[in-house]
Amino acid sequence: MKQEVMTIVRQKELAPKIYELVLTGELVKEMSMPGQFLHIRVPRSDLLLRRPISINQYDQDEKTCTIIYRVEGEGTKCFSELSAGDQLDVMGPLGHGFEIDELHAGDTAFIVGGGIGVPPLYQLSKDLTAKGVKVVHFLGFGTHEAVYYADEFQALGTTRFSTDDGTFGIQ
């Protein structure tokens, strides 16, 4: 685990209150296992606790990583107001991550997640398909408006969706 002040490359809202934030920095060289997270300091002096946010994906060649988060309180609201060029104090990568060494080309992996638990599954799916593992995704969201990364997951393998209210996929 290391600490670095990383620079925001871009940020966009993917769905209501769901944001994708791309960071750049040397810390990306430490990212090699899907399912880990970053501990990010909120750039406000009255908010002392770092926010743990899963790594959605990383590109070591480009030295970028992406996080996807939901605005829930003052800390994540502060993140949502940042833009390209702003900086964040980041610690990571943290957590155990997903072990994929026992899966091999020709195997099938079922990947299941919902809501804000979906982001770390994207790098996992990318790594598995790169190994020749067939991935089948089962992703759940609250409503059709809350769905994000549908095309990205579908490009990697069969993807089934469900929503709490039945407005996308099955209920």
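Scroll up to find the structure.
Predicted model only: the values in this text are computed from it and were never measured. (Residues numbered from 1 in each chain as written. Predicted model: local features only at pLDDT ≥ 70, side-chain atom pairs only at ≥ 80, totals over all residues. Heavy atoms only, no water.)

1. Description of the nonpolar core
Then step 1. Counting 24 residues, the largest nonpolar core has Leu23, Leu38 and Leu88 as the members making the most contacts within it.
Then step 2. Mapped by element, the contributors of at least two residues to this core are β1 (2–15), β2 (18–24), β3 (37–40), β4 (51–59), β5 (64–70), α1 (74–80) and β6 (87–94).
Then step 3. Core analysis: the next-biggest nonpolar cluster, separate from the first, contains 21 residues, Ala109, Val118, Tyr148 and Phe153 among them. (Core = buried A, V, L, I, M, F, W, Y, C linked by side-chain atoms within 4.5 Å. Buried < 20%, exposed > 50% of the residue type's maximum accessible area, 1.4 Å probe, protein only. Helix = DSSP H or I, 4+ residues; strand = E, 2+ residues; numbered from the N terminus.)

2. Description of the sheet that holds strand β7 (residues 108–114)
Then step 1. The strand order across the open sheet built from 3 strands is β7-β8-β9, with neighbouring strands paired in parallel fashion. Because the sheet does not close on itself, it has two edges, and the strands there are β7 and β9 (158–163). Geometrically, the sheet is characterised by an average inter-axis angle of 15 degrees between neighbouring strands, direction not taken into account.
Then step 2. Alignment of strand β8 (residues 134–141) against β9, held across 6 bridges, turns out to be parallel. Within β9, the residue paired with glycine 140 across the bridge is serine 162. (Pairing = 2+ DSSP bridges. Axes fitted to C-alpha atoms, helices over the stretch in contact; angles between N-to-C directions.)

3. Focus on the pairing of β2
Then step 1. For β2, the buried fraction is high: 6 of the 7 residues fall into the buried class.
Then step 2. Judged from the 7 bridges that link them, β1 and β2 form a sheet pairing that is antiparallel. Bridge assignment links lysine 12 to a residue of β2, and that residue is glutamate 20.
Then step 3. From the end of β1 to the start of β2, which pair antiparallel, there are 2 residues, and lysine 17 there has a positive phi angle of about 70 degrees.
Then step 4. With 7 bridges connecting them, β2 and β5 associate as antiparallel partners. In the strand pairing of β5, leucine 21 is matched with isoleucine 67.

4. A few points about the pairing of β3
Then step 1. Only one face of β3 is covered, namely the one carrying Leu38 and Ile40; the face carrying Phe37 and His39 has none of its residues buried.
Then step 2. Looking at chain direction, β3 and β4 are connected through 4 bridges and run antiparallel. Among the inter-strand pairings, histidine 39 is bridged to a residue of β4, identified as proline 52.
Then step 3. Pairing between β3 and β6: 3 bridges, direction antiparallel. Within β6, the residue paired with histidine 39 across the bridge is methionine 91.

5. Topic: the pattern of salt bridges
Then step 1. Applying the stated criterion to the full structure yields 8 salt bridges.
Then step 2. Across the pair lysine 29 and glutamate 26 runs a salt bridge, and its minimum N-O distance is 2.6 Å.
Then step 3. The class for lysine 29 is exposed, based on a relative accessible area of 52%.
Then step 4. The class for glutamate 26 is partly exposed, based on a relative accessible area of 36%.
Then step 5. Salt bridges sharing common partners tie together Glu26, Lys29 and Lys63. (Salt bridge = Lys/Arg side-chain N within 4 Å of Asp/Glu carboxyl O.)

6. Section: the sheet that holds β3
Then step 1. Strand order in this closed barrel of 6 strands is β1-β2-β5-β4-β3-β6, and the pairing throughout is antiparallel. Along the sheet, successive strands turn relative to each other by an average axial angle of 45 degrees, direction set aside.
Then step 2. Two strands pair when backbone bridges link them, and β4 and β5 are joined in this way by 4 bridges, in the antiparallel orientation. Of the residues in β5, the one forming a bridge with tyrosine 58 is cysteine 65.
Then step 3. Packing against the sheet, helix α2 (residues 119–130) makes contact with β4 and β5, and its axis sits at approximately 25 degrees to β4. (Contact = heavy atoms within 4.5 Å.)

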